[in-house]
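Okay, here's what each chain looks like letter by letter:
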Amino acid sequence: MSRFSGWARRLTAVLVLSGTVVALPVQEALAAPPLTTPWTAEVSPDNALPEYPRPQLVRPEWQNLNGLWQFAATGSITTPPTGQNLAEQVLVPYPIESGLSRVQRHEDRMWYRRTFTVPAAWSGRRVRLNFGAVSWETRVWVNGTSVGTHTGGYDPFGFDITPALRAGANELIVGVYAPVDGTGAPIGKQRRSPGGIFYTAHSGIWQTVWMEPVNAASITQLDTVPDVAAGQLDLVVQAAGASGQQVRAEVMTGGTVVGTATGAIGAHLRVPVPSARLWTPDDPFLYDLRVTLTGTGGGDVVSGYFGMRSVGKAVIGGVLRPTLNGRFLYQLGTLDQGYWPDGISTAPTDAALRFDLEQQKALGFNTVRKHVKVEPARWYYWADRLGLLVWQDMPSMRTGVTPSTADRANFESELRRMIDHLRGITSIVQWVPFNEGWGEYDPARIADLVKSWDPTRLVNNNSGSNCCGFDGGNGDVVDDHIYVGPGTPQRPSASRVAVLGEFGGLGLLSPGNQWPGTGFAYEMTANQTALTDRYVSINEQLKPLITDNGLSASIYTQPTDVENEVNGLWTYDRRVLKMNGDRVRAVNRSVIQSATGLVTGGLTSLRVTTSGHTDRFLRHQNDLARTDVVNAASADGLKLDATFRVRVGLADGACVSFESRNLPGRFLRHSGYRVRADARDGTALFDQDATFCVRPAQAGTGVSLESRNLPGHFLRHFSDAVYVARSGGPNAWDSPASFAADVTWLPATPWWRSGADLTVGAAQSLRVTTPGFTDRYLRHQSSLARTDVVNAGSAQVLKEDATFYVRRGLADGSCYSFESRNFAGHYLRHADFRVRKDARDGTALFDQDATFCAQPPRAGGTGVTLASYNIAGHAVRHYAEAVHIAVPGGSHAFDNAVSYDQDVTWAVAPPWAP
């Protein structure tokens, strides 16, 4: 108990507020929060969030008003208790329901009261009182004079309180009405009666309160929009009392000014940012910004920051993808709720706020979905500084209630204010106005409205429209929620990228580190190893969805436990990492890497990206590598020559090697700078020559491949041939002209999708390889596929049912279809995951369902695995005698991971009925 002694001691009978002694009744000993964090004991009245709260518009002079205030519940906030002591105390800025607030209960209406003194050095200037956020309706009085009101729980606001001030001590009273889910205001996951996936409310003042001196003409906001293509910052400076005045903006790095511009208040200033260093998760570089208000009555100076980056979408390798700086980066993130056991909505300290983001970045994530909550400005500062992409949700209205006309008007007002407030945040790449239909209305109109307010970011019409909402059909994103998943999310369309906005939810109880109550999750596990195994398993399933189904992002539920949800990577108190961090980091990084198309063990084709030649692919011919046009009509031999299996680098496990698909044992290697396909000869030199390290694309989207043993040399096409080349080197193929484009390759869907060969036209039987069942064969019966024992004594019809003709794939000639031996024109196909035998009906869907790409056996040894052509990651599996297409660890019983590899491995046997 000594660790938290600050929570157990009796309070003094007096409260000192800015030098004024106010008598108070003695308050009983404080109760500790239900669960503490490593930062709980660091919080005191003297250091409640002391950091400057507004990093994007900073003034050097300010006064923090966080700390102990007087507090009282009330039935009305119309008449302030001027000059009256209030019976309780509250530690601002922690919401009253939190343990850190020292109130630890909900009230619909409440008073806050304190005194303050304006520093003498501020004399002659205006004094502005600022609130980071208050939930929900706020009324403010200074010395009994009303200075302003505000409604909305998530946006900052403030008032010029100069006319109400007096010399010496000043009285500040704040009245707050916080109905939470009692009315139709946006609340996110707050509930007055929390339970399940909904959490304790956060009412009253919940972000920093502070004062600052400003001139009569003062800057109020900096709207920054980076224009990467133009090499400049589009800046709009908003100001009060500065009509007709000019501003000067300076972009700086390391204290050096690199670009300046001057212009009018409210105008678009184009500030040059020459040779801009672009912001990415791997290099979250930020520029400093200084803005000065000039002219009569001017002189106001503020500082801020911004990052140079662009957000968009583009067709890459035939798939619509989201882009960052013109390049596709798979967005792997978490569903971050932003709740704390001691502070509820408010992190106990700035270090705690940073901790959550640091840990997510350390575990290999590059994205955070801020779920139906808006954070303090410093949270976004840390996301910008640490390098995490942010999807920003709008806090939703109540579930199960149709919003009224007034509720809708308020929602749209708060939505607009959120976007305006966060417009300059570099890390935000997507707006999400609705989640799972909660309080949803007019989704198409709202998506268009958000896009009109901010055309520089993607708009997600409705996250989870597949499961629980309704989809307006517009916006930039189609977003599925699948628990545990990942299942089979929708494919992208011509206008919308495809994302998995929520999946996962794997749980583990952590006694001693849990919120009081019964913990639950979408799927519970027994221990850290089991939890980590399942996490790795479901994330591995993302890889074929990325490469084959066009999936561009996935959001895992969730970074920490939250109240009774125990599905976090960390416990709710942030004391225990529940998974093996090294394994989580490794699979996360491999998933992001797989989006390049270079999946170890998988097949790929490397497309040229140089303008005018994008129909050409790297292939081998007569032992030499070159590029040629390859398309659907190309001969099988050319498609095979242009397909390679990605192997772990022969000389360096951190790099890759490329094995010929049709000449196993031969690898792309350089010799005398020319790239060739040669048989591995067992020498160290060969392995080094055949190893290439994946680097970021030097131009556009794709990868550049650097020679492992000739640093600075990259795989380049030059006049149809392929070399390892160095820009500006002594050889003709080192020409700097179009070098960056020539060394950028786009890994694409392999032209030959089967990684194992079957004999087209042959009659074959497929035998089970799972130990204990190797006398069973795949057969059809009453149109359904199943397995049964077949032997020499079996009936002739059973032998025929268990025999199939191998045909070229109906949907893709590089894969296979299986025609029934005794029902001509009938093929094995899947429907609702069950494999069956049906007559070909002439539809494209049937042909896709009846096409399977043969791959090397998952269980090793001999045989094949038959991968579904159109449902990524799924393979033909026998399970309890029936046959399905299944994915290991999926949501169905037949996806059970136990013996999966053996069950999807089939021995190609002589036909029972030739």
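Before any of the text, the structure's been laid out above.
In what follows, the accompanying structure is described. (Residues numbered from 1 in each chain as written. Predicted model: local features only at pLDDT ≥ 70, side-chain atom pairs only at ≥ 80, totals over all residues. Heavy atoms only, no water.)

For the rest of this paragraph, the subject is the overall build of the protein chain. Assigned secondary structure in the protein chain consists of 14 helices and 60 strands. If one aligns the C-alpha atoms of the protein chain with their principal axes, the spans along those axes are about 100 × 65 × 55 Å. Here the protein chain, with 914 residues, has 59% of them falling under the buried criterion. Residue pairs in contact within the protein chain that sit at least 24 positions apart in sequence constitute 64% of those at least 6 positions apart. For the protein chain, the exposed area adds up to about 32,200 Å²; of that, 51% sits on carbon and sulfur atoms. (Helix = DSSP H or I, 4+ residues; strand = E, 2+ residues; numbered from the N terminus. Buried < 20%, exposed > 50% of the residue type's maximum accessible area, 1.4 Å probe, protein only. Contact = heavy atoms within 4.5 Å. Areas by Shrake-Rupley, 256 points an atom, 1.4 Å probe, with all protein chains shown as cover.)

On to the pattern of salt bridges, then. One pass over the full model with this rule turns up 67 salt bridges. Across the pair Arg105 and Glu107 runs a salt bridge, and its minimum N-O distance is 2.7 Å. With a relative accessible area of 28%, Arg105 lands in the partly exposed category. Residues Asp652 and Arg708 are paired through a salt bridge, measuring 2.9 Å at the closest nitrogen-oxygen approach. Of this pair, Asp652 sits in the loop between strand E40 (644-648) and strand E41 (656-660) while Arg708 is found in the loop between strand E45 (703-707) and strand E46 (714-718), placing the two residues 56 residues apart along the sequence. (Salt bridge = Lys/Arg side-chain N within 4 Å of Asp/Glu carboxyl O.)

Here three strands make up an open sheet; going across it, the order is E17-E18-E21 and the pairing antiparallel. In the strand order of this sheet, the two ends are held by strand E17 (218-227) and strand E21 (268-272), each with one partner. Geometrically, the sheet is characterised by an average inter-axis angle of 30 degrees between neighbouring strands, direction not taken into account. The sheet contact formed by E17 and strand E18 (residues 232-240) spans nine bridges and is antiparallel. Among the inter-strand pairings, Leu222 is bridged to a residue of E18, identified as Val237. (Pairing = 2+ DSSP bridges. Axes fitted to C-alpha atoms, helices over the stretch in contact; angles between N-to-C directions.)

Turning our attention to the state of the cysteines. Under the definition given, this model contains three disulfides. Through a disulfide, Cys467 is tied to Cys468; the S-S separation comes to 2.2 Å. Here Cys467 and Cys468 share a disulfide; its torsion about the S-S bond, -65 degrees, makes the bridge left-handed. Accessibility expressed as a relative area gives 40% for Cys468, which makes it partly exposed. Note that Cys815 is cross-linked by a disulfide to Cys853, the S-S spacing being 2.0 Å. Taking the torsion about the S-S bond as the criterion, the Cys815 to Cys853 disulfide, at about 80 degrees, is right-handed. Of the two residues, Cys815 is situated in the loop between strand E52 (804-808) and strand E53 (816-820) and Cys853 in strand E56 (residues 852-855); the sequence distance between them amounts to 38 residues. The class for Cys815 is buried, based on a relative accessible area of 0%. (Disulfide = S-S within 2.5 Å.)

The next point concerns the sheet that holds strand E23 (residues 301-306). With antiparallel pairing, four strands are arranged side by side in an open sheet as E20-E19-E22-E23. Since the sheet does not close on itself, it has two edges, and those belong to strand E20 (256-264) and E23, each with one partner. Neighbour-to-neighbour, the strand axes of this sheet turn through a mean angle of 20 degrees, independent of strand direction. Sheet topology places strand E22 (residues 287-294) next to E23; six bridges connect them, and they run antiparallel.

Under the criterion given, the structure shown has 32 aromatic pairs. Between Phe131 and Phe157, the ring centres sit 5.0 Å apart and the planes meet at 10 degrees, which makes this aromatic pair stacked. You can see Phe131 sitting in strand E7 (residues 126-131) and its partner Phe157 sitting in strand E11 (residues 157-160), a full 26 residues away along the chain. With a relative accessible area of 1%, Phe131 lands in the buried category. Above the plane of the ring of Trp340 lies Arg574, whose end atom (NZ or CZ) is 3.6 Å from the centre. Directly above the ring of Phe823 sits Lys837, whose terminal nitrogen or CZ lies 4.0 Å from the centroid. (Phe/Tyr/Trp six-rings, centres within 6.5 Å; stacked < 30°, edge-to-face > 60°. Lys NZ or Arg CZ within 6 Å of the ring centre and 35° of its normal.)

Let's shift gears to the pairing of strand E10 (residues 145-151). The pairing of strand E9 (residues 137-142) with E10 spans six bridges and is antiparallel. For Val142, the partnering residue across the bridge sits in E10 and is Thr145. What sits between the antiparallel neighbours E9 and E10 is a turn of two residues, in which Asn143 has the positive phi angle 55 degrees.

Here Glu137 is to be found in strand E9. Reaching out from Glu137, the side chain makes a polar contact with the side chain of Arg139 at a distance of 2.9 Å. (Polar contact = N/O pair within 3.5 Å; in protein donor to acceptor, adjacent residues only side chain to side chain.)

To find leftover empty space, one rolls a probe the size of a water molecule over the atoms. Taken as a whole and assessed by the stated rule, the structure comprises nine cavities of 30 Å³ or more. The computed volume of the largest cavity comes to approximately 70 Å³. For the largest cavity, the full set of lining residues is Ser135, Trp136, Gly153, Tyr154, Pro179, Val180, Ala185, Pro186, Ile187 and Gln190. For the lining of the largest cavity, the per-class residue count stands at seven nonpolar, three polar and no charged. (1 Å grid on protein atoms, 1.4 Å probe; cavity = no way out; pocket = protein on both sides within 12 Å on 5 of 7 lines; lining within 4 Å. Points joined across faces, edges and corners; volume = space filled by probe spheres on them. Nonpolar A, V, L, I, M, F, W, Y, C, P; charged D, E, K, R; others polar.)

The next subject is helix H3 (residues 377-386). For H3, a buried count of nine out of 10 residues is recorded, marking the element as mostly surrounded by other parts of the structure. Within H3, burial applies to Ala377, Arg378, Trp379, Tyr380, Tyr381, Trp382, Ala383, Asp384 and Leu386.

Below, the discussion takes up the nonpolar core. Judged by nonpolar contacts, the single largest core of 85 residues is most densely connected at Tyr330, Leu415, Tyr535 and Leu542. It is H3 that contributes the most residues to this core, six residues altogether. With residues near it in sequence (within four places) discarded, Tyr330 still touches Asn366, Leu542, Ile546, Leu551, Ser552, Ala553, Ser554, Val591, Ile592 and Ala595. Ranked by size, the runner-up nonpolar core spans 29 residues in total, among them Phe116, Leu172, Ala178 and Met211. (Core = buried A, V, L, I, M, F, W, Y, C linked by side-chain atoms within 4.5 Å.)

This paragraph deals with the packing of helix H2 (residues 350-362) against H3. One can describe the packing of H2 onto H3 by two numbers: an axis separation of 10 Å at closest approach and a directional angle of 35 degrees. Both H2 and H3 take part in a crossing whose hand is right-handed. Across from Asp350, Leu353, Arg354, Leu357, Glu358 and Lys361 in H2, the residues of H3 making contact are Arg378, Trp379, Trp382, Ala383 and Leu386. (Left-handed = near helix turned anticlockwise from the far one by under 90°.)

Here the focus is unusual backbone geometry. A cis amide bond, omega 15 degrees, links Val92 with the succeeding residue Pro93. Mapped onto the elements, Pro93 comes out in the loop between strand E5 (88-92) and strand E6 (109-117). With omega at 5 degrees, the peptide bond leading from Gly485 into Pro486 counts as cis. Mapping Pro486 onto the fold places it in the loop between strand E32 (477-482) and strand E33 (497-504). Positive phi outside glycine occurs at Asp623, with the angle close to 75 degrees. For Asp623, a relative accessible area of 33% gives the class partly exposed. Although it is not a glycine, Ser782 adopts a positive phi angle of roughly 50 degrees.

Its location among the elements puts Lys451 in helix H5 (residues 443-453). Among the residues examined, Lys451 registers a relative accessible area of 26% and is labelled partly exposed. Taking C-alpha positions, Lys451 is 20 Å from Val315, a pair spaced 136 residues apart along the chain. Filtering out sequence-adjacent residues up to four positions away, Lys451 remains in contact with Arg457, Leu458, Val459 and Asp476. At 2.8 Å, the side chain of Lys451 and the backbone oxygen of Arg457 are in polar contact.

The subject of this paragraph is helix H4 (residues 405-422). Compared with the 26 Å implied by 1.5 Å per residue over 18 residues, the 26 Å span of H4 between its first and last C-alpha is a close match. Residues Asp407, Asn410, Phe411, Glu412, Glu414, Leu415, Met418, Ile419 and Leu422 constitute the buried set of H4. (Expected span 1.5 Å × (residues − 1).)

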